[in-house]
Structure formats: structure tokens, C-alpha cells
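# Working through the structure, step by step
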Amino acid sequence: MININENYLKLENSYLFSTIAKKIEEYQENNPKTEIIKLGIGDVTLPIVPTVVNAVKTAMDEMGDVDKLMGYGPEQGYDFLRERIAKIDYEKKGINVTLDEIFVSDGSKSDTGNIGDIFSIANTVAITDPIYPVYLDTNIMAGRKIVYMPSTSENNFVPDLPEEKADMIYLCSPNNPTGEVLKKEELKVWVDYALENKSIILFDGAYESFITEDNIPHSIYEIERAKEVAIEFRSFSKTAGFTGLRCAYTVVPKELKAYTKSGKKVSINSLWNRRQTTKFNGVPYIIQKGAEAIYSDKGQKEIKDNISYYLENARIIREGLANAGYTVFGGINAPYIWLKVPDNLGSWEFFDKLLHEKGIVGTPGSGFGPNGEGYFRLTAFASRKNTIEAINRIKS
Ligand code: MLT
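Notes on the structure follow. (Residues numbered from 1 in each chain as written. Predicted model: local features only at pLDDT ≥ 70, side-chain atom pairs only at ≥ 80, totals over all residues. Heavy atoms only, no water.)

### A closer look at the sheet that holds strand S4 (residues 145-150)
Hydrogen bonds between backbone atoms are what pair the strands of a sheet, whose relative direction is either parallel or antiparallel. We count it as follows: In this analysis, strands are considered paired if DSSP registers two or more bridges between them. For helices the rule is a DSSP run of H or I covering at least 4 residues; for strands it is a run of E covering at least 2, with both sets numbered from the N terminus onward. Axis definition: a line fitted to C-alpha atoms, limited for helices to the stretch in contact. Angles are taken between N-to-C directions and run from 0 to 180 degrees.
Across the sheet, 7 strands lie side by side as S2-S8-S7-S6-S5-S3-S4; this open sheet has mixed pairing. The two strands at the open ends of the sheet, each matched to only one other strand, are strand S2 (102-105) and S4. Pairwise comparison of adjacent strand axes, ignoring direction, gives a mean angle of 20° for this sheet. With 6 bridges joining them, strand S3 (residues 124-129) and S4 adopt parallel strand pairing. Looking across to S4, one finds that Val-125 is bridged to Ile-146.

What follows is the structure, encoded as C-alpha cells:
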């Protein structure tokens, strides 16, 4: 008799964004005339920038040429892309990351989920609450013990250290879903905790390019000794509109060690390399060529213009809602605006109300964890026209 992994039975019936997609579909079927404005899943709407389009096309032409065809590539990513990442994302900011510490992948969703493969299921996992559901769901799938660290307006979205010792700690800054950020001194508390407790920090920096304020770390490695305790995830999805192209990278420092049960130190970098070379065949050459192109001067300018566009949407939402009397957070260093649901409604009740009365889709805070109840997330990724229209509809 074949048995299942019963941990899957402990999960919610469906993944948050799949549930929402289904609700939208049902509503649209019954209300075909309503023009729904989607501020739900954080998916980009501006086209891929010309520099990337051209690079991908040129790479595709190479693939059609017998002399230039690229077959299987290195599972860790091509050096041409890893060199750009090391130089521009790190070296220029005073951080030393070597090529063999960079693993190019198809997304931070996959990497933050898959990283658990190399850690014991006996580890206790600390997760800020509310949070991007992948960290929680993948650890439920694995059967790890999970402790929640509330991150709400009461503690200014700076979670306290866990009461119980945590071995794996997920942090996300700029944060999804709250749109809030950890300052350098706040992040340092976690690095110190991890050093003291021999824990590991899984730092999701997918929204790093949206940071506008000073003293907000762009990388966890800006904190002294963080390379001894942290893995960093970065993504081209929101930075360069790659949600449909799929490309990201994860930095696993050589200094980073974990332990066998008998206390022997093991290199995490080697384990992750072993995992990736076995289970992953790398990101397509043409996509990595596209990612490389964003590091050119022209590419940098183009993607920064797109990020500014989304940040202006965020400002319109934040200020529009605040003027309408809502309590709002985030949206300054992130494409997410986190608002308090009015009139003591539950998060899902507010979701239904907005969809049915205004034709607007957002994401219920409770979908990101128990402490998200009473909150709601809107994204800044719609067109300018739809963003303004959504705020007008809400105000009315
Ligand atoms: C979100 O809306 O939280 C993200 O877009 C989902 C993701 O990146 O997988």
C-alpha cells in the first residue's frame, strides 16, 4: 500500500493565491460586465524592458545556429551572469561574494521552499507572522515544528526574538506582505541571535530594489558576520519584471556551516550545490542572457524607471487610502500596502466586500498568517490608470 506524506493533510486546502484566483474566476463568470481591478497577487504589468527583450532574442538566434547552440548549462548558472551579480549587486556595495557562492535559479519561491531539503526536519523554524505563505507551507510539508513571531502595528512590524530557540529563521525585508522594512540595527539583532544560537537566517530580499530610504540594508551581508549565519535570496521577478521569464539567485556563503547530530561542522554551500546539481538543471541560457542585460547601463536605467512607476502607484494607494481615513503601512520601500480593515470586518469579509461592491481584488491579511487577520494587502503593480480608478472606487 502506497502511503502519502500526511503532512500535506495539515495544509490549507489550496495555496493562497490559487484560492483567490478561483474566487475571481467565479465572480467574473457571474458578473461578466464588471471590470475587475487586480491588486492581489504581486504580478508585474509593465512589459519586459527593451534591453532584456533584445538580449533574449539574440540569445535565441544563437540557439538556432549549430555553431552557437547551448545545451545543458551549469546548474549553478552561467559565469557571465554570476559575474554581473557579484560585481554590481555586491562588490559595488562593499560586499564580497564569490561566484561559487551564487546559485542562479528559477525563482525565490522555489529556492525558499527547496532550501529545506538540506536541513533536518528536527529543526525548529521561526516565521514572522504574517508572512509570504511559501515559508510556512513548505515547512508544514516537511513536518517541522514552527513558531510564529508576530509582526504587527503593535510592534512596528519588528518581531521579537522567539521565546523558544529557533534553528531556522525566515526574514523578509522589504516585507511581503506588510511592505515594512527592518533597519540595520534591527537586522543586527537577528544576526547576533543566530551567531549565539548556531541558527541559520533565510533572508528573502526579493523586494530589495524597491528600497528608497537610507539606513535600510539592501543585503543582510551589510551586517557584520552575517555571512557566517545567513543565506540570501534575490529575484529578478519584481526587480526586472521576470515573473513570466523566471530567474532569481541565492547566495550561500562558504563561511556558513551547520552541524550533524554529533556536532560535526558541514558546509551548507557544498550541500546546496549537491542538491541543485542533482535536482535542478539550471535556468535556460536565453533567460540568463536576459538577466545579464539588466546589468548594462541601459538595462539598469530601464528597470529603475519601471520600479519608480510602481513606487509612484504605491504612493497613490497609500496616500489615497490615508486621505480616505484608512490606517495604512508599507508602500515606501516596497510595492505592497498593508491596511487595517475597517469596521471590524474580517480579512476575508473585506475581500468579498471589495470584490462584490467595487470589483477590486486584494489579498486578505489572514492568508499570510493568523496575525494578518484584520489586515489587507494591496499591490502597486497595476497600471497607473487602474491604480487611480481603484482608489477612486474605494473612496466612493
Ligand atoms: C505575492 O503576491 O505575494 C507574490 O507575488 C507571490 C510570489 O512572488 O510568488
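Picking up after the structure, the text goes on.
### Some thoughts on helix H3 (residues 79-90)
Selection criterion: Working rule for helices: expected span equals 1.5 Å times residues minus one. Relative accessible area decides the class of each residue, using a 1.4 Å probe on protein chains only: under 20% of the type maximum gives buried, over 50% gives exposed, and in between gives partly exposed. Contacts were defined at the residue level, with two residues in contact if any of their heavy atoms lie within 4.5 Å.
A rise of 1.5 Å per residue sets the reference length of H3, with its 12 residues, at 16 Å; its end C-alpha atoms lie 15 Å apart and thus fit the reference within 8%. The complete set of buried residues in H3 reads Phe-80, Leu-81, Arg-82, Ile-85, Ala-86, Ile-88, Asp-89 and Tyr-90. Check the buried side of H3 and you find it contacts S2, strand S7 (230-235), strand S8 (248-251) and helix H9 (285-293).

### Remarks on the packing of aromatic side chains
The condition is simple: Centres within 6.5 Å make a pair out of two Phe, Tyr or Trp rings, where for Trp the six-membered ring is used; the pair is then stacked when the planes are under 30 degrees apart, edge-to-face when over 60, and tilted otherwise.
Counting across every chain of the model gives 24 aromatic pairs. Centroid distance Phe-329 to Tyr-375: 6.5 Å. Interplanar angle 55°. Geometry classified as tilted. With Phe-329 in strand S11 (residues 328-330) and Tyr-375 in strand S15 (residues 375-379), this residue pair connects regions lying 46 residues apart in the sequence. Here Phe-329 falls in the buried class, since its relative accessible area comes to 17%. For the pair Tyr-336 and Phe-381, a centre-to-centre distance of 6.4 Å together with 75° between the ring planes defines the contact as edge-to-face. Of this pair, Tyr-336 sits in strand S12 (residues 336-340) while Phe-381 sits in the loop between S15 and helix H12 (384-395); the two residues are 45 residues apart in sequence, bridging distant segments of the chain. Both residues of the pair, Tyr-336 and Phe-381, count as buried.

### Remarks on the environment of Thr-379
When you line up the elements, Thr-379 lands in strand S15. Each C-alpha atom of the pair Thr-379 and Ile-394 lies 14 Å from the other, and the pair is 15 residues apart in sequence. Leaving out residues up to four positions away in the same chain, Thr-379 has contacts with Leu-39, Gly-40, Ile-41, Gly-42, Ile-317, Pro-335 and Tyr-336.

### Notes on the site of the ligand
Filter applied, for reference: When we say a residue is near a molecule or strand, we mean one of its heavy atoms is within 4 Å of it. Two N or O atoms count as a polar contact when they lie within 3.5 Å, although within protein this holds only if one can serve as hydrogen donor and the other as acceptor, and sequence-adjacent residues are included solely when both atoms are side-chain atoms. For every accessible area listed, the method is Shrake-Rupley and the probe measures 1.4 Å; residues are considered covered only by the protein chains on display. Asp, Glu, Lys and Arg are counted as charged, while Ala, Val, Leu, Ile, Met, Phe, Trp, Tyr, Cys and Pro are counted as nonpolar; the rest, among them Gly, fall into the polar class.
Near the ligand the following residues occur: Phe-17, Ile-41, Gly-42, Tyr-132, Asn-176, Tyr-207, Lys-238, Tyr-336 and Arg-377. Here an oxygen atom of the ligand sits 2.6 Å away from a polar atom, N or O, in the side chain of Tyr-132. A distance of 2.8 Å separates an oxygen atom of the ligand from a polar side-chain atom of Asn-176. Here the ligand, which alone exposes 270 Å², has 85% of that area covered by the protein. Residues that form the shell around the ligand fall into these classes: 5 nonpolar, 2 polar and 2 charged.

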